[in-house]
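Tertiary structure, described
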Amino acid sequence: LSSFTRPLVTPPFPLRLRARPAHFPASPAASAETPAKPLRVGILGASGYTGSELLRLLHLHGGVEVKFMTGERSAGQPIGSVFPQLAFSLGKGLPLLEKTEPVSAWPELDVVFCCLPHATTQEIISQIPLEKTVVIDLSADFRLSDIKTYEEWYGEHKAPALQSSAVYGLTELNRDAVKSANLIANPGCYPTAAQLPLVPLLRAGLISSADITIDAKSGVTGAGRAPKTGTIFCEVADGMHAYSVAAHRHAPEIEQGLDAVCGEKTTVCFTPHLVPMSRGILETMYVKLAEGVTAADLKAELEKVYGEEPFVHVLPGAEVPHTRHVRGSNHVTMNVFADRIKGRAIIVSAIDNVVKGASGQAIQNMNVRFGFPETMGLEQVPMFP
């Protein structure tokens, strides 16, 4: 392959459109402003899990050409030396991995995906001319709009002047803002799985904002590729455990999204767990119903909001979301169940943390921003078994 380019075509199925409230804009099939030439793409941190997943997904996109990739410890090497599976189909057509800096040495790029560790992206992005290059940041560096909150959880913010221009890229809930953004903060994996069901329900006044418990479980890729004692095989296999109890950095990100629709400060009880699987997130959310509301009302609201979405699926009947059913895809499954405790409900959602929780949603945001069909490059059927 010389690039990731193919003739620009629409997906093999039409995107479904329906009228919806302004705060949940319909998913566009394509824009009249779809680029006539392939987008020139750069991937910072291509040697990590989210970077490699971007390459896997962009290979099927047809409207991009990867011109620049970085991998600090693998600079000068082909991507196949880091991820041999990528060499089979696309390795020969890709540039060699390079060091991230100096930014002045980069080729001209239309869009840059930043897959660098938290707290390392801000200084890099501050050197990128955002009037010429759209940045989609997969780290947490621009997700929290309040600088003080960011510094409480992550340390010093090194590009505070840029924070006000960053748009939070939870695509289904923020399409209109993504369309014109030049700095898109891709959401975290846990916040994606939590906010997609909770935000519409809070907006509709169907659940209490004062009593939300989130029990979350993630595969090990969520910890990144850098070797750590806590993620080696013997530490993870044959068991599961909670971590960052009452102290996980995704809690304020979830609360930020809920605050925006409640108009008041929320505090969620959020506990993540590490489970012995490579990818996937399952979240079980326990909520208090508003007066006179039933679990069936919650499900009806989610069906109304997401009924025509290409990636978000409210399951029928009492079907329970499984991570295996979304593995390797950009799909989200969710369902609502009546709790045995009167006046309460249980919501379960499942995503692939590397796709919808990271790289897939980043491509979805790129599609929205540049006028491509929203599903372009993301039509993969989930991998099971």
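Residues numbered from 1 in each chain as written. Predicted model: local features only at pLDDT ≥ 70, side-chain atom pairs only at ≥ 80, totals over all residues. Heavy atoms only, no water.

1. Considering the sheet that holds strand E11 (residues 281–289)
How we decide: Strand pairing is defined by DSSP finding a minimum of two bridges between the two strands. Under the scheme used here, helices are H or I runs from DSSP no shorter than 4 residues and strands are E runs no shorter than 2 residues, and both carry numbers assigned from the N terminus.
Taken in spatial order, the 7 strands make up an open sheet running E9-E10-E8-E11-E14-E13-E12, and their pairing is mixed. Pairing within the sheet leaves two strands with one partner each, and these edge strands are strand E9 (241–242) and strand E12 (312–314). Summarising the sheet, strand E13 (residues 332–338) and strand E14 (residues 344–351) pair through 6 bridges and their orientation is antiparallel. Among the inter-strand pairings, Val336 is bridged to a residue of E14, identified as Ile347.

2. Considering the packing of aromatic side chains
Rule in force here: Here is the rule: rings of Phe, Tyr and Trp (six-membered ring for Trp) pair when centre to centre is within 6.5 Å. Planes less than 30 degrees apart are stacked, more than 60 are edge-to-face, and the remainder are tilted. Here's how the labels work: a residue is buried when its accessible area is under 20% of the maximum for its type, exposed when over 50%, partly exposed in between, all with a 1.4 Å probe on protein chains only. Only Lys NZ and Arg CZ are tested; either one counts as a charge over a ring when it is within 6 Å of the ring centre and within 35 degrees of the ring normal.
The tally for this structure, following the rule as stated, stands at 3 aromatic pairs. Taken together, a centroid distance of 5.3 Å and an interplanar angle of 70° make the contact between Tyr190 and Phe270 edge-to-face. Linking Tyr190 in helix H7 (residues 189–203) with Phe270 in strand E10 (residues 269–274), this pair joins segments that are 80 residues apart in sequence. Exposure remark for Phe270: the relative accessible area of 5% places this residue in the buried category. In this structure, Arg369 packs its charged tip against the face of Phe370, placed 5.2 Å from the ring centre.

3. Looking at helix H6 (residues 171–178)
Working note: α-helix, 3.6 residues per turn, so residues spaced by three or four point in the same direction. Our working definition: We call two residues in contact when some of their heavy atoms are within 4.5 Å.
Inspection of H6 places Thr171, Glu172, Leu173, Arg175 and Val178 among the buried residues, and these make up the whole buried set. On its buried side, H6 packs onto strand E6 (167–168), strand E7 (183–185), H7, helix H10 (295–306), E12 and helix H11 (355–370).

4. Observations concerning helix H4 (residues 147–154)
To keep it simple, the criterion reads: Between N or O atoms, a polar contact is any pair within 3.5 Å; within protein, one atom must be a potential hydrogen donor and the other a potential acceptor, and residues adjacent in sequence are included only when both atoms are from side chains.
Where H4 begins, the side chain of Asp146 points an oxygen toward the backbone nitrogen of Lys148, at a separation of 3.3 Å. Of the residues flanking the end of H4, it is Gly155, one or two places downstream, whose phi is positive at about 105°.

5. Some remarks on the state of the cysteines
Each disulfide consists of a covalent bond between the sulfur atoms of two cysteine residues. Here is the rule we go by: Two cysteine sulfurs form a disulfide in these notes if their separation is within 2.5 Å.
On inspection of all chains with the given rule, the structure shows 0 disulfides. The cysteine Cys115 is free of any disulfide, with Cys114 supplying the nearest cysteine sulfur at 7.4 Å. In this structure Cys262 is a free cysteine whose sulfur lies 17 Å from that of Cys269, the closest cysteine sulfur available. Overall, Cys262 belongs to the partly exposed group, its relative accessible area being 24%.

6. Let's talk about the sheet that holds strand E2 (residues 64–70)
Strands sit in the order E3-E2-E1-E4-E5-E7-E6 across an open sheet of 7 strands; the sheet is parallel. Two strands in the sheet have a free side with no partner beyond their single neighbour: strand E3 (97–98) and E6. Where strand E5 (residues 134–137) meets E7, 3 bridges bridge the pair, whose relative direction is parallel. What sits directly across from Val135, in E7, is Leu183.

7. Brief notes about the environment of Phe311
Structurally, Phe311 can be placed in the loop between H10 and E12. We classify Phe311 as buried; its relative accessible area is 2%. Along the chain, Phe311 and Lys342 lie 31 residues apart, while their C-alpha atoms are 32 Å from each other. In contact with Phe311, other than residues within four places in its own chain, are Glu172, Asn330, His331, Val332, Gln364, Glu374, Thr375 and Leu378.

8. Section: the packing of H7 against H10
Spelled out, the test is: Orientation is described by axes fitted as lines to C-alpha atoms, over the contacting stretch for helices, and by angles from 0 to 180 degrees between their N-to-C directions. Should an angle lie under 35 degrees it is considered roughly parallel, over 145 roughly antiparallel, and from 65 to 115 roughly perpendicular; all remaining angles are considered oblique. Here the nonpolar group is Ala, Val, Leu, Ile, Met, Phe, Trp, Tyr, Cys and Pro; Asp, Glu, Lys and Arg are the charged ones; every other residue, Gly included, is treated as polar.
Where H7 meets H10, the closest approach of the two axes is 10 Å, and the angle between their N-to-C directions is 105°. Put simply, H7 runs roughly perpendicular to H10. Contact residues: H7 offers Leu196, Pro197, Pro200 and Leu201, while H10 offers Leu298, Glu301, Leu302, Val305 and Tyr306. The class makeup of the residues in the contact of H7 with H10 is 8 nonpolar, no polar and 1 charged.

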